[in-house]
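So you can see what is in the structure, the chains are spelled out below.
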Amino acid sequence: MNSAQIEIQLIASVVAIACAIPGTFLVLRKMAMISDAISHSILPGIVIGFFITHDLNSPLLILLAALTGIITVILVEYIQKTGLVKEDTAIGLVFPALFSIGVILIAKNANDVHLDVDAVLLGELAFAPFDRLLIGETDLGPKSLWIIGTILLITVTLLIAFFKELKVSTFDKGLAASLGFSPAIIHYGLMSVASVTTVGAFDAVGAILVVALMIAPAATAYLLTTDLKKMLLLAIGFGVFGAISGYWFAHWLDASISGSITTMLGLLFLVVYLFAPNKGLISVMYREKQQRIEVSLLTFLLHLKNHDEIEERHVNHLNEHINWRKVRSKVVLDLALKNNMIHIDTNIVSLTEKGNKFTSQAIDYIITNEDAQIEHMKDDFFLFRG
Amino acid sequence: MGKKIAVKVDDLTVAYNYKPVLWDIDLEIPEGVLMAIVGPNGAGKSTLIKSILGILKPIAGSVSIYGKPYEKQRKLVAYVPQKGSVDWDFPTTALDVVMMGTYGSLGWIKRPRQKEKKAALEALEKVGMLSFKNRQINQLSGGQQQRIFLARALVQNASIYFMDEPFQGVDATTEIAIINILKELRKAGKTLIVVHHDLQTVPEYFDWVTFLNVKKIATGPVKDIFNDDNLTKTYGINYKVSVQE
């Protein structure tokens, strides 16, 4: 690895961490689309800032762009509050309008502006190491690393200082307000951080990847944990993983780095979505299948409990009586036998003592549905697990 | 009776999009009562609580808690929002939610420590949920979630408790457990204001009642004013409820 390669991976990783932190809260607040809106509508801020400073890395430009980000949020909320349209429609109205102002501004001044729409949308990480921060003769490294590094430092400081406030206002706005933690201040604080991060990351990775880096790692982490701190750490980890693996994927394909990082993040989400232990698709399907079998078992046991007549309990007649196909009857019969719930005597099925007790408790549970009282059943019987 | 006034509401008017949901409310809640706020859907019951707690901004009127504005008396007040107002899939545990009740006394930036954790565990014990402390909150039943909310209010160690439909969607056991805790709090001299839906249980659970339907219809002791006349005025139809003696 040469130093440029290391620098690119470092920038991509720092951007990923800086995005994952506000991204986690955006996902939990169901505001993922707001990051998309911000990432597009900061364009006029960037363009106007660029006209004034002629420097893509100027702090004024970052400030102006962040301001457009906040204006986006305010406009979306304002339109939404009129009650005439829903939030998604409001977002869809605001950001294309602002974005197109930026596009027109670029097109009108295309000759003397080193800024084009492609670069804005996709960014170009490969060029990031060329723009150096020089003080006198000393080379302090790529400028974008310093910018996003500073933003990350601010974000982490704010996160540590206001973690409890962010948590309570995200979970329960009403409680936060009644405790004196103004949800509006926290909301706009978070929106400011998201805007500043977007602007800082934008130059390096472009508008689309910023959204991917904010939302995909957080959404992936959400599938894996039930603890907010772990969710933040996982999101950060996934972001960095996407950044580095994406870089090498691009290297191997000789393709766009930002595109490859986004692809890796998408693949990572897909894998977790399929294989996550509790919320994953496969685990959910397995659980549903288990539940189907268990409900069938209970139906079968109830049938036995309700009928003393021998003809109702004959193995060969069970499918007629409960109206099941042979395979299902056999699975259920085997399961009941294996768990010592029933015994079969000359093809007549009867409940064992254990089966009888289980069935009574299960009926009790279904009728009263008082969770606290059947808490022990969840351990005793597989039916109520999970 | 010469009792202190815990909560005083003067000329309160609250509107959503210029449509008043509460109209010129005057209300005095004496210290130490267990009060139900009753009224039909859309009567502004939750809005009244939220306005007293400064969550909603009224367009007119004022509120005081023991003679001072709410902002100065936050620590005297605990709030139990409607269970449906939060996302129970949020990645957190029962204990963590109860700990949130301590955030108000901590103020900005300061973090909860052992003392706050101990208080939260005690509150969980009181509502019979200690064994669920590490349970992810969406793994709890509706009744258990409501108990967690109650524990979170208990940990605030307030003088006045506002509760928005604490009996909604809970099983009978939880309802009894909750009302027993509320009665205990009243015995300890606390004031409790509860948005309540089930008119049948008002005389059994509460000693004070406010009838509300955009305007205040009546407020006072249950034994004096909980009658068919006020019910009819509040609910608009000939309302009869059999009050058991």
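Given the structure is predicted, the values throughout are model-derived calculations rather than measurements.

J.: Describe the packing of helix H10 (residues 183–222) of chain A against helix H11 (residues 228–253) of chain A, naming the residues involved and giving the relevant values.
T.: All names here are of chain A. Orientation of H10 relative to H11, taken along the N-to-C sense of each, is 125°, at an axis distance of 8 Å. Considering the angle they form, H10 stands oblique to H11. The two elements H10 and H11 meet at a crossing, and its hand is right-handed. Every residue of H11 that contacts H10 at Leu213, Pro217, Ala218, Thr220, Ala221 and Tyr222 is listed here: Met231, Leu234, Ala235, Phe238 and Gly239. Within the contact of H10 with H11, the residues separate by chemical class into nine nonpolar, two polar and no charged.

J.: Account for the layout of surface pockets, with residues named and values stated.
T.: Of the pockets and cavities examined, the largest pocket occupies roughly 1800 Å³. Lining the largest pocket are 47 residues, with Lys81, Lys173 and Pro183 of chain A together with Ile55 and Leu56 of chain B sitting closest to its centre. Elements with a minimum of two residues in the lining of the largest pocket: helix H4 (59–81), helix H8 (163–171), helix H9 (173–179) and H10 of chain A together with strand S1 (5–16) and helix H2 (70–73) of chain B. Sorting elements by how many residues they give to the lining of the largest pocket places H4 of chain A first, with five residues. Grouping the amino acids of the lining of the largest pocket by side-chain chemistry returns 24 nonpolar, 11 polar and 12 charged.

J.: Give me the confidence of the model for chain B: which residues, what numbers.
T.: Residues and elements named next belong to chain B. Scored by pLDDT, chain B has a mean of 91; 96% of the residues are at 70 or more. Summarising per-element confidence for chain B, the mean pLDDT is lowest in helix H10 (residues 228–235) (90) and highest in strand S7 (residues 191–195) (97). Here the predicted complex carries an ipTM of 0.90, next to a pTM of 0.87.

J.: Requested: an account of helix H1 (residues 45–52) of chain B, with residues and values cited.
T.: Residue and element names in this part refer to chain B. Among the eight residues that make up H1, seven are buried, leaving the element largely enclosed by the rest of the structure. All of the buried residues in H1 are Lys45, Ser46, Thr47, Leu48, Ile49, Ser51 and Ile52. Following H1 by one or two positions, Gly54 adopts a phi angle in the positive range, close to 75°.

Conventions used here
Residues numbered from 1 in each chain as written. Chains lettered and ligands numbered in written order. Predicted model: local features only at pLDDT ≥ 70, side-chain atom pairs only at ≥ 80, totals over all residues. Heavy atoms only, no water. Axes fitted to C-alpha atoms, helices over the stretch in contact; angles between N-to-C directions. Helix = DSSP H or I, 4+ residues; strand = E, 2+ residues; numbered from the N terminus. Parallel < 35°, antiparallel > 145°, perpendicular 65-115°, else oblique. Left-handed = near helix turned anticlockwise from the far one by under 90°. Contact = heavy atoms within 4.5 Å. Nonpolar A, V, L, I, M, F, W, Y, C, P; charged D, E, K, R; others polar. 1 Å grid on protein atoms, 1.4 Å probe; cavity = no way out; pocket = protein on both sides within 12 Å on 5 of 7 lines; lining within 4 Å. Points joined across faces, edges and corners; volume = space filled by probe spheres on them. pLDDT = per-residue confidence, 0-100. Buried < 20%, exposed > 50% of the residue type's maximum accessible area, 1.4 Å probe, protein only.

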